[in-house]
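Summary of structural features
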Amino acid sequence: MEDLNQLPPNKNKKALFWLSGGHFINDVYTGVLNPIMPFIAAKIGITMAIATVILTISHIFSSLLQPLFGFFADNNVKRSFIFWGLILSSIFIPLSAVANNVLILVLFIIIGSIGSSLFHPQALGFASRFADLSDKGKAMAVFVAMGTLGYSTGPVISSAITQFLGMPKMPVMTILGIIWAFMMFLCVPKLSDKQSRILKIDFKTAFKRILTNRKLNILNIIAMLKTMVMSSCFILLPFLWKNMGYRPFYIGIALFLFIFAGGIGSLVSSSIEKLIGAANVFYISMISTLPLMIIFVLTYKAHPTFSLVIFVITGFITLMATPVVMVMAQNVLPEYKSIISGFINGFSWGIVAIVMSMLGFVAEKCGITNVLIFVAVIPAVCSILVKELFIPDNK
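All values reported here derive from a predicted model rather than from experimental measurement.

**A look at the overall build of the chain**
When its secondary structure is counted, the chain shows 18 helices and zero strands. Per-residue burial for the chain yields a buried fraction of 53% across its 395 residues. In the chain, the share of contacts with a sequence separation of at least 24, taken over all contacts with a separation of at least 6, comes to 86%. In the structure as shown, the chain presents an accessible area of about 17,200 Å², 69% of it carried by carbon and sulfur atoms.

Below, the structure written as structure tokens:
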């Protein structure tokens, strides 16, 4: 066991490198299924609605459980969640692509998604511990950005394997995750008993204060609405494009560009906030999605290249407000930063996933494009809540 205060800076940086790389690789696996799910569905003979439910199951188990696993990780500061989380993700998510029936498919996805849920909270906690106090913000920004980049890269890798090698070759993706987990075991130091001691939190009090806070409730709603727009695009559009005859690799590239643009939006959001203010960042991100979605729907058949550009811009706009939401939420009750992060980044995704399971059936009956426009209307209407965030609490 090693004391972080006694570790040389280069050893801390080495640990951060392997943790950030692990975040990238883990999130590659969380993004692989979206572009190829229409082809998996066709192979095993399930409808778009059922396939949507299966995808949302993966989001539920990879997101909704994060606060729970975060609690266990905080009270048992060992490295095991990081290794086993990545191992489960790397084995079972690729295996799901070769499942021959829906039950095996769901089982593999659940186990792989639990792996992702195991990995995230403990990896985030370790990255924070190994970051230099003078440069913690930069270190955490890199760690988070690596996850976003991994999530955007997953669709490219899985679609390329499907189109050029064949879906049965998908398990070759497992190799990288296993190797990286082994390297983290070797290179990420154990924590000393002194460093493992943490301040116990009364979770009943914490959850009560968080769930009854007006501003946090509004910020959670905004986070959920932005997640719903992104999830709707990521889950439903691959079915639309497959029905139009597009190959898997095109779909994977389109999803990569969407999330990559969203990552750029997240990176520049603080600069934009300084120029126009947090309220305007919220308004632009919530309202602009609607006209962009309408333009996409009107052009995706006749002008596919132009519609792809609009789709990518939608990714940028949609995720631009995400860091602003997180920072503002953590500043409301700074003593509960980790739990609030779990709500914004984990729990909100899980709730949206439950809603998405129903939207799949609606899309099958009413049309994918109609559902996408409906989903874009909701944040535009709810933008009236933004002004409530800037009303002083004593009024």
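**Quick word on the environment of methionine 173**
Positionally, methionine 173 belongs in the loop between α7 (136–165) and α8 (174–187). Overall, the relative accessible area of 8% leaves methionine 173 in the buried class. Sequence separation of methionine 173 and serine 158 is 15 residues, and the distance between their C-alpha atoms is 8.6 Å.

**Focus: the packing of aromatic side chains**
For the coordinates displayed, the defined rule picks out 14 aromatic pairs. Consider the rings of phenylalanine 83 and phenylalanine 185, whose centres lie 5.3 Å apart with planes at 70°: the pair is edge-to-face. Residue phenylalanine 83 is located in helix α5 (residues 80–96), and its partner phenylalanine 185 is located in helix α8; the two are separated by 102 residues in the primary sequence. Judged by relative accessible area, which is 9%, phenylalanine 83 ranks as buried. Given the relative accessible area of 44%, phenylalanine 185 is considered partly exposed. A ring pair is formed by phenylalanine 256 and phenylalanine 260, whose centres lie 5.4 Å apart and whose planes are at 25°; its orientation type is stacked. In this pair, phenylalanine 256 and phenylalanine 260 are both assigned in helix α12 (residues 248–276), four residues apart and thus about one turn of the helix distant. For phenylalanine 260, a relative accessible area of 37% puts it in the partly exposed group. Directly above the aromatic system of phenylalanine 39 lies the positively charged group of lysine 242, at a separation of 5.5 Å from the ring centroid.

**Examining helix α15 (residues 304–320)**
Helical geometry: 3.6 residues make up each α-helical turn, so side chains three or four residues apart lie on a common side. If you check α15, its first and last C-alpha atoms are 24 Å apart, about what 17 residues at 1.5 Å a residue would give, namely 24 Å. Every buried residue belonging to α15 is among Ser307, Leu308, Ile310, Phe311, Thr314, Gly315, Ile317, Thr318, Leu319 and Met320, and all of these are buried. Where α15 is buried, its residues contact α11 (214–243), α12, α13 (278–287), α14 (289–299) and α16 (322–332).

**What about the nonpolar core?**
What tends to happen in soluble globular proteins is that the nonpolar side chains get buried as a cluster. Counting residues in each nonpolar core, the largest one holds 83 residues, and the members touching the most others are Leu19, Ile40, Met184 and Phe311. Excluding its chain neighbours within four sequence positions, the residues that come into contact with methionine 184 are Trp18, Leu19, Gly22, Arg79, Ile82, Phe83, Leu86 and Phe119. Counting 24 residues, the second largest nonpolar core, distinct from the first, contains Leu225, Met286, Val324 and Val325.

**A word on the packing of α11 against α13**
Contact pair α11 / α13: the axes reach a minimum separation of 11 Å and the direction vectors enclose 35°. The handedness of the crossing between α11 and α13 is left-handed. Note on element contacts: α13 touches α11 through Phe282, Ser285 and Met286, opposite Leu219, Ile222, Leu225 and Lys226. Broken down by class, the residue content of the contact of α11 with α13 amounts to five nonpolar, one polar and one charged.

**A look at the packing of α14 against α15**
Across the interface, α14 lies against α15 with an axial gap of 9 Å and an inter-helix angle of 160°. Our classification of the angle between α14 and α15 gives roughly antiparallel. Here the hand of the crossing between α14 and α15 comes out left-handed. Contacts from Thr289, Leu292, Ile295, Phe296 and Thr299 in α14 reach Pro304, Phe306, Ser307, Ile310, Phe311, Ile313, Thr314, Ile317 and Thr318 in α15. In the contact of α14 with α15, the residues fall into nine nonpolar, five polar and no charged.

**Quick notes on the confidence of the model for the chain**
The share of residues in the chain with pLDDT of 70 or more is 85%, and the mean pLDDT across the chain is 84. Of all helices and strands in the chain, the one with the weakest mean pLDDT is helix α9 (residues 193–196) (50), whereas α14 scores best (96). The model gives residues 2–7 a pLDDT under 50, and that stretch makes 18 contacts with residues more than four places away or in other chains.

**Quick word on the side chain of aspartate 27**
Looking at the element boundaries, aspartate 27 is found in helix α1 (residues 9–30). The exposure class assigned to aspartate 27 is buried, which follows from its relative accessible area of 9%. At a separation of 3.1 Å, a polar atom in the side chain of aspartate 27 contacts the side chain of asparagine 26. Excluding its chain neighbours within four sequence positions, the residues that come into contact with aspartate 27 are His120, Gly147, Gly150 and Tyr151.

Analysis parameters
- Residues numbered from 1 in each chain as written.
- Predicted model: local features only at pLDDT ≥ 70, side-chain atom pairs only at ≥ 80, totals over all residues.
- Heavy atoms only, no water.
- Helix = DSSP H or I, 4+ residues; strand = E, 2+ residues; numbered from the N terminus.
- Buried < 20%, exposed > 50% of the residue type's maximum accessible area, 1.4 Å probe, protein only.
- Contact = heavy atoms within 4.5 Å.
- Areas by Shrake-Rupley, 256 points an atom, 1.4 Å probe, with all protein chains shown as cover.
- Phe/Tyr/Trp six-rings, centres within 6.5 Å; stacked < 30°, edge-to-face > 60°.
- Lys NZ or Arg CZ within 6 Å of the ring centre and 35° of its normal.
- Expected span 1.5 Å × (residues − 1).
- Core = buried A, V, L, I, M, F, W, Y, C linked by side-chain atoms within 4.5 Å.
- Axes fitted to C-alpha atoms, helices over the stretch in contact; angles between N-to-C directions.
- Left-handed = near helix turned anticlockwise from the far one by under 90°.
- Nonpolar A, V, L, I, M, F, W, Y, C, P; charged D, E, K, R; others polar.
- Parallel < 35°, antiparallel > 145°, perpendicular 65-115°, else oblique.
- pLDDT = per-residue confidence, 0-100.
- Polar contact = N/O pair within 3.5 Å; in protein donor to acceptor, adjacent residues only side chain to side chain.

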